[in-house]
Amino acid sequence: MTPFPLFDGPVLGIETSCDETSAAVLDGLNVRSNVVSSQVDLHRRWGGIVPEAASRAHVEALLPVVHQALGEAGMVLSEVRGIAVTSRPGLVGALSVGVSAAKGFALALGVPMIGVHHLEGHLLSPFLDQPDLTFPHICLLASGGHTEVVLLRGLGDYGLLGQTRDDAAGEAFDKSARLLGLGYPGGPAIQKAAETGEPKAYKLPRGLHGEATLDFSFSGLKTAVLRLVEREGAALDVPSAAASVQEAIAHVLVQRSVEACRQAGCDVLTLAGGVAANMRLRSLATETCHREGIRFASPRGSLCTDNAAMIALAGSARLARGDKSGFDLEPIASATL
Ligand code: KG4
Ligand code: ZN
């Protein structure tokens, strides 16, 4: 049981804020389906996300993805009782595709619809695999656009304890991977390359290390990787460089999160967002939390990266407490929680 009520009946979740088109069916806490169609192959040739191309790809993929999500859940559309859609923040063109579809479904079915904040989806995602989590707890949210340490006091009651002053952790992975010639998206590429590398091979900066802050800084790391590549040239041991980058990022993320737990007097830490899928980050967090007497919880990797199940969960919680969006729901590019 979650420490907040959930909507009664199946909720269809829709996520199109960035480069994944996703639809999921959630019934209570049961993820009946969670289909993700990734655009990485499309954006790889540019080395990053092209907004216009992303919107078009969502238009193409969304209804087939919804169809597949219903099929995998063993349901027909008319059995859906509520609609949850990411409405903020994100690429406006990309968000519009999901929001428009959600309105169409809600109108046709005569069921309530709710616009969800993408980051609330990430923050609540650990509940999908750990229903006995309680409030308050600390969540490290690390994705392509965000790196934040958040105190969750209750549903909708979130306090920001620390954040990045420049690049997000996922951006640090992506930019470092590009400099190392490892391709896009960088996080999984670095994790793969690091498997055969030596994490102590290269000394890389751990932004704001030793400072009394819960903030992060990753821009120095990016510069250091650039210098390393220039200095070593063909002699660069790429797997070891990747392992060293991964170690630097994982180390600072875990150190700040555990420090946040200590300061807030919380003995529960969760990890969410695409970077939380990183195996080294997860093992380091597991070890450190074990040593510090902190319970550690992170959902399986497919619920860390962008997905509609987490959007359905946040929507279900909001619908259950009576929140509801009107047909004037608008996509919003940037929005704080
Ligand atoms: O949460 P997410 O899927 O999308 C955003 O909302 O940003 O996060 C994407 C980010 C990318 O920067 C990607 O490189 C990173 O998460 N990422 C990883 C891994 N899988 C995805 N970073 C490190 N290790 C991974 N295994
Ligand atoms: Zn995300």
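One structure accompanies this document, and this report is about it. (Residues numbered from 1 in each chain as written. Chains lettered and ligands numbered in written order. Predicted model: local features only at pLDDT ≥ 70, side-chain atom pairs only at ≥ 80, totals over all residues. Heavy atoms only, no water.)

## Details of helix α9 (residues 238–264)
- Between its first and last C-alpha atoms α9 spans 39 Å; for 27 residues at 1.5 Å apiece the expected length is 39 Å, and the two agree.
- For α9, the tally of buried residues reaches 19 of 27 residues, placing the bulk of the element in the interior.
- Positive backbone phi, at 65 degrees, marks Gly265, one or two positions downstream of α9. (Helix = DSSP H or I, 4+ residues; strand = E, 2+ residues; numbered from the N terminus. Expected span 1.5 Å × (residues − 1). Buried < 20%, exposed > 50% of the residue type's maximum accessible area, 1.4 Å probe, protein only.)

## Here's the deal with the coordination of the zinc ion (ligand 2)
- Only His118 (NE2), His122 (NE2) and Asp306 (OD) from the protein reach the zinc ion (ligand 2) as donors, at distances of 2.0 to 2.1 Å.
- Of note is the zinc ion (ligand 2), whose four donor atoms meet at the metal with angles of 93 to 147 degrees in an arrangement that counts as irregular.
- Mapped onto the polypeptide sequence, the residues donating to the zinc ion (ligand 2) form the spacing pattern H-x3-H-x183-D. Of the two residues, His118 is situated in helix α4 (residues 118–124) and Asp306 in the loop between α11 (301–304) and α12 (308–320); the sequence distance between them amounts to 188 residues. (Donors = N, O, S within 2.8 Å, 3.2 Å for Na, K, Ca; no water. Tetrahedral: all angles 85-135°; square planar, octahedral: opposite > 155°, others 65-115°.)

## Here's the deal with the sheet that holds strand β5 (residues 113–117)
- Taken together, five strands build an open sheet; the order of strands is β3-β2-β1-β4-β5 and the sheet is mixed. For this open sheet the edge positions go to β3 (30–38) and β5, each flanked by a neighbour on one side alone. For this sheet the average axis-to-axis angle between neighbouring strands, irrespective of direction, equals 20 degrees.
- As defined by bridge partners, strand β1 (residues 11–15) adjoins strand β2 (residues 20–27) across five bridges and the pair is classed as antiparallel. Bridged to Gly13 within β2 is Ala24.
- Packing against the sheet, helix α3 (residues 92–109) makes contact with β1, β4 (82–88) and β5, and its axis sits at approximately 155 degrees to β4.
- Sitting on the sheet, α12 touches β1, β2, β3, β4 and β5, and the angle it makes with β1 is about 125 degrees. (Pairing = 2+ DSSP bridges. Axes fitted to C-alpha atoms, helices over the stretch in contact; angles between N-to-C directions. Contact = heavy atoms within 4.5 Å.)

## Digging into the pairing of strand β6 (residues 137–142)
- Counting buried residues along β6, six of its six residues qualify, which places the element largely inside the surrounding structure.
- Of the two faces of β6, the one carrying His137, Cys139 and Leu141 and the one carrying Ile138, Leu140 and Ala142 are both buried.
- Pairing of β6 with strand β7 (residues 147–154) involves six bridges; the strand directions are antiparallel. Bridge assignment links His137 to a residue of β7, and that residue is Leu152.
- Here β6 hands over to β7 after four residues, the two strands then running antiparallel side by side.
- Where β6 meets strand β9 (residues 268–272), four bridges bridge the pair, whose relative direction is parallel. Each bridged residue has a counterpart across the sheet, and for Cys139 the counterpart in β9 is Thr270.

## Some words on the nonpolar core
- Counting residues in hydrophobic clusters, the biggest one holds 48 residues, and the most contacted among them are Ile138, Phe218, Leu221, Val245, Ile249 and Leu253.
- Where this core is concerned, the elements lending two or more residues are β6, β7, α6 (169–179), α7 (186–194), α8 (219–232), α9, β9 and α10 (279–292).
- Counting 34 residues, the second-largest nonpolar core is a separate cluster that includes Leu26, Leu124, Tyr158 and Ala308. (Core = buried A, V, L, I, M, F, W, Y, C linked by side-chain atoms within 4.5 Å.)

## Description of the side chain of Thr16
- Summarising the element assignment, Thr16 is placed in the loop between β1 and β2.
- The exposure class of Thr16 is buried, given its relative accessible area of 1%.
- Leave out the neighbours within four places in its chain, and Thr16 touches Thr21, His58, Leu62, Ala94, Leu95, Val97 and Gly98.

## Examining the environment of Leu208
- One can find Leu208 in the loop between α7 and α8.
- Distance from Leu208 to Ala24, taken between C-alpha atoms, is 39 Å for residues 184 residues apart in sequence.
- Every residue in contact with Leu208, bar those within four places of it in the chain, is listed here: Arg165, Thr213, Asp215, Phe216, Ser217 and Arg256.

## Thoughts on the sheet that holds strand β8 (residues 157–163)
- With mixed pairing, five strands are arranged side by side in an open sheet as β8-β7-β6-β9-β10. Both edges of this open sheet fall to β8 and β10 (295–297), since each of them pairs with a single strand only. Averaged over all adjacent pairs, the angle separating strand axes in this sheet is 25 degrees, with direction ignored.
- In this fold α10 packs onto β9 and β10, with an angle of close to 165 degrees to the strand it touches most, β10.

## Considerations on the packing of α7 against α9
- For the pair α7 and α9, interaxial distance at closest approach is 7 Å and the crossing angle is 120 degrees. It follows that α7 is oblique to α9 by the angle criterion. By crossing handedness, the relation of α7 to α9 is classed as left-handed. Seen from α7, the contacting residues are Ile190, Gln191, Ala193 and Ala194; seen from α9, they are Pro239, Ala242, Ala243, Val245 and Gln246. (Parallel < 35°, antiparallel > 145°, perpendicular 65-115°, else oblique. Left-handed = near helix turned anticlockwise from the far one by under 90°.)

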